[in-house]
Amino acid sequence: MHDLDVKWQKKWAEEAVFQPKAGAVESPSAATARHLQRQVTRDKFYLTAAFPYPNSPQHIGHGRTYTTTDIYARYMRMHGRNVLFPMGFHVTGTPILAMAKRIEEKDEEILSIFEKVYGIPRAVSATLTEPRELVAYFSREIEAGMKEMGYSIDWRRKFYSYDAQFNKFIEWHFAKLEKAGHITKGEHPVPWCPVGQTAVGAHDTQGDADPQIEEITGVLFPFEDGMLACATYRPETIYGVTNLWVNPDATYVKVKCAGKHYYISKEAVAPLSMQLEMKVEKEMPASALLASKAKHPFTGAELPIFPATFVDPKHGTGVVMSVPAHAPFDYLALRDAKLEGKIKLIQVLTLEGFGNFPAKEIVEKMGIKSQNDPRAEAATEEIYKKEAHTGRMAVGEFTGMLGAEAKEKIRAKMIAEGSALALYEISNGPILSRYGGLVGVKIVRDQWFIDYGDEAWKEKARKCLAEMSILPEKTRHDYEYTISWLKQKACTRSAGLGTHFPLDKSKMIEALSDSTIYMAFYTVSHIAMKMKPEQLTEELFDYVFLGKGEGKGLPAEAKEMRREFEYWYPLDSRHSATDLVYNHLTFFIFNHVAVFPQKHWPRQTVTNGFVLMDGKKMSKSMGNIIPIRAAVKQFGADAIRFVVVSGADLSADTDFNRPAVEGVISRMRFMQSAMEKYASTADKGKHDIAYKWLLSRMHKRAIAAPKMYESFQLREISLELFYNTFNDVQWYLKRAEKPQLREFFEMWVPLIAPIVPHYAEEMWQALGKKHYVKEAALVAVAEMPKGDAKKVDETLEAAEDYILRVREDISSIMKLIKKEKAEKVELFVAAGWKRKLREIVDKERKFDIAMKAAMADAEIKPHASEVAKVLTSYMKNVGALAGTPSSEFEMEALLSGKKLLEEELGCPVSAVLEDESDVPKAKFALPGKPSIMIS
RNA sequence: GCGGAGAUGGCAGAGUCCGGUCAAAUGCGCAGGGCUUAGGACCCUGUGCCCUAGUGGCUGCGGGGGUUCAAAUCCUCCUCUCCGCACCA
């Protein structure tokens, strides 16, 4: 398999079939020139798939998107379009840096994954400590894998997103955004590692946990000369605060922050200082706080401070406000301290199914013993959940409002009047970063944004979307939703590979912001990459991409670049996995409409689901990843291409498993040997019924194929052009007296070529001179056969189905009567009156009315005794009545299948009309279902 | 919480829009047989339950209820699963 792949990949490369020229013909070898000539007189077709991120090799999961794209590219090429399918590498951002660092630190986990999963020897991975070395190595691997998969990519246009020329392009891109007013600056909370001094994403954390930022409220209670800060998720319960809690064993501090004094736990200082600048002035034991009292920020009422062990000094501020009516822990702590009678509970929310103090009730109902009882957690969860959904405010200015709504209002109000701080926290913490620090939340000043919240911009994006084709169509809603909620998107980071942010060179443009219009760069990259970066000025790109000016004073290459861009743009189809709809693909639309004129807006996106391995999600930790190159070596490119796209609908996840791959390979072999046996010469003589039937099916499929390819019904195609076709050929070989398959194969091979190109190429060559389809040196550039509607014969196909059904019925009866071998088989075809009765029932589906109508019919009346019985059997399946076959049809079909049946049964088979026979069994015949007599 | 998608046989997965030809395509798995020294591959047959000398009957498509001569398919309520909610490629 692999040799065959290499053979044709080499041939395609030699003939440069995947290196299209904008609007004119290059000079590939004479063999293909003719076909390329044909192509360029037709329309161009430009498509791209998301470029890979080379921080590790690719596995078969990655192969789905690229294979889908390639099938489409190959189909379009065979459909006569001049196709451009380029590829590059995305290296922007921090994961590559993180990976290189981990290798440098000899991270056992990563080295062992490389060794065990991808088969990279430790000696080799040890050399990948430099980001550029790493990129060079993995991009080489990925490119080799893509070539081995037979992707029809124009590699001349390859670039890396940190190349100086591409940097220039991104600078131009951002200059356009800035001029359009889409760049803003502000503050932003990010997950931050205090040790690494950097923002962290999932790939920077231990265990690949994705840190989630959550807003919390730091309520400030006047206390001595400052304020006690309490972090809470439920600021709306401020009305029900009866006291405060501190941990009796913790140390507390007095800090100065923006001119004010706050009291918090000592352990809260480090995480909170990422958000607020603070200076510790004094340290004190908890007892110092317990001796004093705080004041309620609204009412000024005195609030005692009590000790409670459930207070975690590491969490929030290390001080907790007590709302015993609604928080089980607060109630329990109060009860534990025997203070229940002394402190009066205050109701804040009304909750259906509960009285005034839900926390007290649930604690009593569940019989929870103390604040250290593990069930206290469950009780809290239940009450919080119920109150969050259905609780209504019972006190304060928002009385009657849902608690969830009141929360936002109260929080905003308190922050505005200075009685609370806006704080953030990592909701799924504690998370440790790879640098060893506990991840906290930092407020980044000088954060630059792309303002996707701009309504006018959104409108333009919607307009573009409305005119685009979205496949699968049901994804359109996801785009609309994403456009509606997108706000400011942070577009710079303090570290990473890529392009420096033009307005602040100390920052880097992050990865989702520098990959939105790079498809435009491909159209000129093969020229730009040979130029000096400083030649790629804003003026040049304005001319090339926006057609500004006449190109005077610009480098000589400018005109050619402009021509390439104008020829290839707009992008006809953009491909990726579905997860990118919510960010990349939507940004892609936004940025195109911001930078380019409407005629260059994208026309289509195609998104696909993932690949599962034996029904399970692929993951490095589970070790169920098959690297793409290893898979190709083992199974050959075509089988993998076939399996990753044919297993499921485009949007659904598909499964990759060995039996599926092997099934494909064995079927391909079968077809190949059938072709060798029966298609070596042109079909001879008059086609018999069986061959006419097979060709009818083939032509029908050829007619249906373009639509299926164009709407990415790849599962449907594989089913029709492969499994069902395969079954047809098997049936045909059984049916045909002298099988011949020449016309069949001349059509079949090009039809499947986009999916299994190497195999098809080999078959195409083996066929030699074509008799029934247009000749082409390579099937990759051959014309897709068009089915001939005149060769589609529904009657013939129906007859064949009929024979199959009769055959099945005979064998089921044989089994029923436990007969190994029959002496003879007699078939009786139903009488005319039964057909007439069927028509009556088809029109009138109520039993009694149909019965009356039947009895009024002179032809049917004589059979009155049988009518009720026949009618009953019709009624059972009223839907099956349409298209009653004629008795002539049935007789003819039986005659055509007679020989096959006799051979299979090893006895004479006869067919007569029901009314021409006096065998009693004959009466059981129904239209389409002859009565069978075996003796 | 908000938004989206989905639930079909041992498994994967069609069918659902436009109700009837649906015990339900196709593939895998499993069982029996053939081939083979054996295994693999390959080929045939079977694979919800029940009855049966006659091509049959019954149950069934997440759960409940409804519409209809007829429901996997239409309506309604419910349960459960998956995905996304950004600064991360």
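Residues numbered from 1 in each chain as written. Chains lettered and ligands numbered in written order. Predicted model: local features only at pLDDT ≥ 70, side-chain atom pairs only at ≥ 80, totals over all residues. Heavy atoms only, no water.

### Quick look at the overall build of chain A
Part 1 of the argument: Scanning chain A for helices and strands turns up 32 helices and 30 strands.
Part 2 of the argument: Here the C-alpha atoms of chain A give a radius of gyration of 37 Å, more than 25% beyond the 30 Å that 2.2 N^0.38 yields for 935 residues.
Part 3 of the argument: Seen through its principal axes, chain A has C-alpha atoms that stretch 115 × 85 × 55 Å.
Part 4 of the argument: A burial count over chain A gives 54% of its 935 residues as buried.
Part 5 of the argument: For chain A, contacts bridging at least 24 residues in sequence account for 75% of all contacts bridging at least 6.
Part 6 of the argument: In chain A, 127 side chains carry a positive charge and 125 a negative one; their mean positions are 2 Å apart. (Helix = DSSP H or I, 4+ residues; strand = E, 2+ residues; numbered from the N terminus. Rg over C-alpha atoms; globule rule 2.2 N^0.38 Å. Buried < 20%, exposed > 50% of the residue type's maximum accessible area, 1.4 Å probe, protein only. Contact = heavy atoms within 4.5 Å. Lys, Arg positive; Asp, Glu negative; His and termini not counted. Charge placed at Lys NZ, Arg CZ, Asp CG, Glu CD.)

### Comments concerning the nonpolar core
Part 1 of the argument: Judged by nonpolar contacts, the single largest core of 171 residues is most densely connected at Phe169, Phe545, Phe656, Leu741, Phe744, Phe745 and Trp748.
Part 2 of the argument: Apart from the residues lying within four places of it in its own chain, the contact partners of Phe656 are Ile60, Val611, Leu612, Met613, Asp614, Ile626, Phe635, Ile640, Val643, Val644 and Val661. (Core = buried A, V, L, I, M, F, W, Y, C linked by side-chain atoms within 4.5 Å.)

### Points about helix α19 (residues 558–568)
Part 1 of the argument: For α19, the set of buried residues is Ala558, Met561, Arg562, Glu564, Phe565 and Trp568. For α19, the angular spread of the buried residues around the axis is 165 degrees, confining them to a single face.
Part 2 of the argument: Buried positions along α19 lie against β1 (44–49), β2 (82–84), α17 (518–528) and α18 (538–546). (Arc of directions from axis to C-beta.)

### Quick notes on the sheet that holds strand β26 (residues 616–617)
Part 1 of the argument: Ordered by their spatial adjacency, three strands build an open sheet running β26-β25-β27, and the pairing between neighbours is mixed. In this open sheet, the two strands that pair with only one neighbour each are β26 and β27 (654–656).
Part 2 of the argument: Sheet topology note: the strand β25 (residues 611–613)/β27 ladder contains three bridges and is parallel. Across the sheet, the residue bridging to Met613 is Phe656, located in β27.
Part 3 of the argument: In the packing of helix α3 (residues 60–78) onto the sheet, the strands contacted are β25 and β27, and the crossing angle to β25 comes to about 150 degrees. (Pairing = 2+ DSSP bridges. Axes fitted to C-alpha atoms, helices over the stretch in contact; angles between N-to-C directions.)

### As for the packing of α18 against α19
Part 1 of the argument: Direction vectors running N to C along α18 and α19 enclose 35 degrees, while the axes themselves pass 8 Å from each other. Seen along the crossing, α18 lies across α19 with a hand that is right-handed. Counted together, Leu540, Tyr543, Val544, Phe545 and Leu546 of α18 and Ala558, Lys559, Met561, Arg562 and Phe565 of α19 form the full contact between these two elements.
Part 2 of the argument: In terms of residue class, the contact of α18 with α19 is built from eight nonpolar, no polar and two charged. (Left-handed = near helix turned anticlockwise from the far one by under 90°. Nonpolar A, V, L, I, M, F, W, Y, C, P; charged D, E, K, R; others polar.)

### A word on the side chain of His600
Part 1 of the argument: In this fold, His600 is placed in the loop between α20 (581–595) and β24 (604–608).
Part 2 of the argument: Relative accessible area serves as the criterion here: at 4%, His600 is assigned to the buried category.

### Thoughts on the packing of aromatic side chains
Part 1 of the argument: In the structure shown here, the tally under the stated rule is 57 aromatic pairs.
Part 2 of the argument: An angle of 50 degrees between the planes, with centres 6.1 Å apart, marks the rings of Trp245 and Phe306 as tilted. One end of the pair, Trp245, is in strand β7 (residues 243–246); the other, Phe306, is in strand β12 (residues 302–307), and 61 residues separate them in sequence. A single burial state applies to Trp245 and to Phe306, both of which are buried.
Part 3 of the argument: One cation-aromatic arrangement involves Arg574 over Phe588; the distance from NZ or CZ to the ring centre is 5.9 Å. (Phe/Tyr/Trp six-rings, centres within 6.5 Å; stacked < 30°, edge-to-face > 60°. Lys NZ or Arg CZ within 6 Å of the ring centre and 35° of its normal.)

### Describing the sheet that holds strand β20 (residues 492–493)
Part 1 of the argument: Strands sit in the order β20-β22-β21 across an open sheet of three strands; the sheet is antiparallel. Edge strands, defined here as strands with exactly one partner in the open sheet, are β20 and β21 (500–501).
Part 2 of the argument: In this structure, β20 lies alongside strand β22 (residues 504–509), joined through two bridges in antiparallel fashion. If you follow Thr492 over to β22, its bridge partner there is Ile509.

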